[in-house]
Amino acid sequence: MRWLNWSRWYRKVLILIVLCPLVWVLSAVSACVSMPSPPSDLVSKGRDIFFNETFKGNGRTCGTCHRAEANFSINPSFIATLPANDPLFVAEFNPDLKKNFENPKLMRQFGLILENLDGFGDLENKFVMRGVPHVLAQRTSINSNQGPRTGWSGDGAPGDGSLRSFATGAVIQHFTKTLNRVAGVDFRLPTEDELDALEAFQLSLGRQQDLTLPLPLKGIVPKRGQEIFLDNKLGKCNLCHANAGATANFGGRNIGNANFNTGVENLPDQPADLSGERNPPDDGFGRPGDGTFNTPPLVESADTGPFFHNNAIETIEGAVGFYDGESFNNSPSGKLLAQADPNGVSIELDGTQIVAVAAFLRVLNALENIRQSLELLESSAKKGFAERAEDRDLLKRAVSETQDSIKVLDGGGLHPEAVAHLQKAKELAEKAHSSFFRRSGLTQQAIDELRNARVQLIEAS
Amino acid sequence: MLNCYLRLAIVVVALGSTLEAAGQQATEMFIPIGQSPGLSNKESVIGTLESVYPGKRMVTISNSSGSQTVGITDRTMIWLDRSEQKQPNQNGGINDLQKGRKIEIKVRKGEAKAVAEWIKVQVGP
């Protein structure tokens, strides 16, 4: 009997001795074969350039400000997590860029980046401080009847003003080693092929088409928010943000992305102004500017604050509330709405209505987060053993998207049951990320939880 | 009610159409002649400055395709391209438009006559 026990124990030890090196060999092989393979198409080439190419400049890449883990934007709480030597802070450690390149205080406190949109002739006085817009859903948001509109004021790109040309201007403004900005010395300009790849990558991000509202939402408050949003006599939101996107729709005609002067610059007590730092007025589109800024998509808004070109408002509720305030109602756009209203009213919403519209936007954002998480997890589930590095990246991004959906719903006190499912989905995706053998099963369970969460938000179509 | 929104539609559509989408001028000045993305050799003209008429505020540019006379207004930006000397590009003026220099002209869209939106002039050391 004792001999049999010893025999079993011996056999187990033997199996372990054989298995350990085998697992080690498999891990090593996996690590080798899952090394990032050379980019095989334009989008992956664009991704590589976006996150890794410094264009022989000061060390920044496109991804320095448009962080994948921060919804291709950046905000003060994310900035606070970065190490002191992150290239974002290049003005703090590169003596050539110490003055008139960035304002580190406004960058760290409010996520503001310095831009010389009215020219580089007077760096001391002529600049504006702007937030970093996300670059999601650009396929739906930059076309207008007058041509492409990029950046906060629609004139963000040199050359032909297209998204493809945008990177050239960004390299000159943000990547330079010195303020001389000499091509071939302080940076190199992107090549034609690189511009093609960057454009393809950016167009691949986020939604590829606009929603069709109304959606069959389940929550009482978000549902009411949607009604107000779509009501051209009450919220009037859908006029300039058709289907919660970035195109304007007047008289049944969609005019594409449009620029408006909504009076954001006239907001009192803007955080950057309160700081006491120099913060010249931003005149928007053109040189000199006409005071207009272009319309951002709203589906992605709730998790990409702070809001407006100057990061003036922190919360989505505050951003909706802006349109009920003096600054908007006295602006050219506000006056135009009032002129067209039979009672001469621009936008008049009460507190509950503001919160309802914000709740609607929170749910839209959460639905988009879930859509993206599902897409990422489904792609992950299809990956083979040899594609482990790519698979882990997909899972990491799915976790991040799911986390955003939790934050967006929780922040508005919305759909606690959905939040519970999202929490589970996130935990399962995290486990899948670190699991060697159970990845596939855990990923499938995370997908199921995401679907359960979505069912709480919207009627099944 | 319908009239109100129709009026709004007309005003906004009219307002929208006056806002011509534009390339950013601020960073354009640092792009060497011939390298402006989507523009150079497509929508801009690159050639040699054949003649200058400061009084009439006009310049003629010539290249292998022929020659073209373009007007200059107060809104025309003139930039000195010094990138070949590894020097920073600078703002220039009409006096920098000298015969024989290599130039690139972007013509403003939507004007009855050809008017330059910007001119880049290559200058020597």
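Residues numbered from 1 in each chain as written. Chains lettered and ligands numbered in written order. Predicted model: local features only at pLDDT ≥ 70, side-chain atom pairs only at ≥ 80, totals over all residues.

Draft legend 1. Here's a closer look at the confidence of the model for chain B. With 82% of its residues at a pLDDT of 70 or more, chain B has an overall mean of 87. In the predicted assembly, ipTM is 0.91 and pTM is 0.90. (pLDDT = per-residue confidence, 0-100.)

Draft legend 2. Highlighting the sheet that holds strand β6 (residues 102–107) of chain B. Ordered by their spatial adjacency, seven strands build an open sheet running β3-β2-β1-β6-β7-β4-β5 (chain B), and the pairing between neighbours is mixed. The two strands at the open ends of the sheet, each matched to only one other strand, are β3 (66–71) and β5 (90–91) of chain B. (Pairing = 2+ DSSP bridges. Helix = DSSP H or I, 4+ residues; strand = E, 2+ residues; numbered from the N terminus.)

Draft legend 3. Structural view of the pairing of strand β2 (residues 58–63) of chain B. Residues and elements named next belong to chain B. Of the pairings in the sheet, the one linking strand β1 (residues 44–53) to β2 comprises five bridges and is antiparallel in character. Bridged to leucine 49 within β2 is isoleucine 61. Count of turn residues in the β1/β2 antiparallel hairpin: four residues, of which arginine 57 carries a positive phi of about 55°. Connecting β2 to the next strand, β3, in antiparallel fashion are two residues.

Draft legend 4. Here's a closer look at the pairing of β1(B). When β1(B) meets β6(B), the two strands line up antiparallel, connected through five bridges. Bridge pairing links Val45(B) to Ile105(B) in β6(B).

Draft legend 5. Structural detail: the interface of chain B and chain A. Tallying the contact residues gives 36 residues for chain B and 51 residues for chain A. Elements supplying a minimum of two residues to the side of chain B that touches chain A: α1 (2–18) and α2 (25–28) of chain B. Counting residues per element, the side of chain B that touches chain A draws most heavily on α1(B), which supplies eleven residues. Taken together, the residues of the side of chain B that touches chain A break down into 19 nonpolar, twelve polar and five charged. (Contact = placed C-beta atoms within 7 Å. Nonpolar A, V, L, I, M, F, W, Y, C, P; charged D, E, K, R; others polar.)

Draft legend 6. Representation of helix α8 (residues 163–174) of chain A. Taking 1.5 Å per residue as the helical rise, α8(A) with its twelve residues ought to reach 16 Å, and the 17 Å between its terminal C-alpha atoms agrees with that figure. Leu163(A), Arg164(A), Ser165(A), Phe166(A), Ala167(A), Thr168(A), Gly169(A), Ala170(A), Val171(A), Ile172(A), Gln173(A) and His174(A) are the residues of α8(A) that are buried. (Expected span 1.5 Å × (residues − 1). Buried ≥ 20, exposed ≤ 12 C-beta atoms within 10 Å, placed from the backbone.)

Draft legend 7. Spotlight on the packing of helix α16 (residues 351–382) of chain A against helix α19 (residues 439–457) of chain A. Residue and element names in this part refer to chain A. For the pair α16 and α19, the least separation of the axes is 10 Å and the interaxial angle reads 160°. Taken together, the axes of α16 and α19 are roughly antiparallel relative to one another. Crossing handedness for the pair α16 and α19: left-handed. Between α16 and α19, the residues in contact are Val363, Ala366, Leu367, Ile370, Ser373, Leu374, Leu377, Glu378, Ser380 and Ala381 and Ser440, Thr443, Gln444, Ala446, Ile447, Leu450, Ala453, Arg454 and Leu457, respectively. (Axes fitted to C-alpha atoms, helices over the stretch in contact; angles between N-to-C directions. Parallel < 35°, antiparallel > 145°, perpendicular 65-115°, else oblique. Left-handed = near helix turned anticlockwise from the far one by under 90°.)

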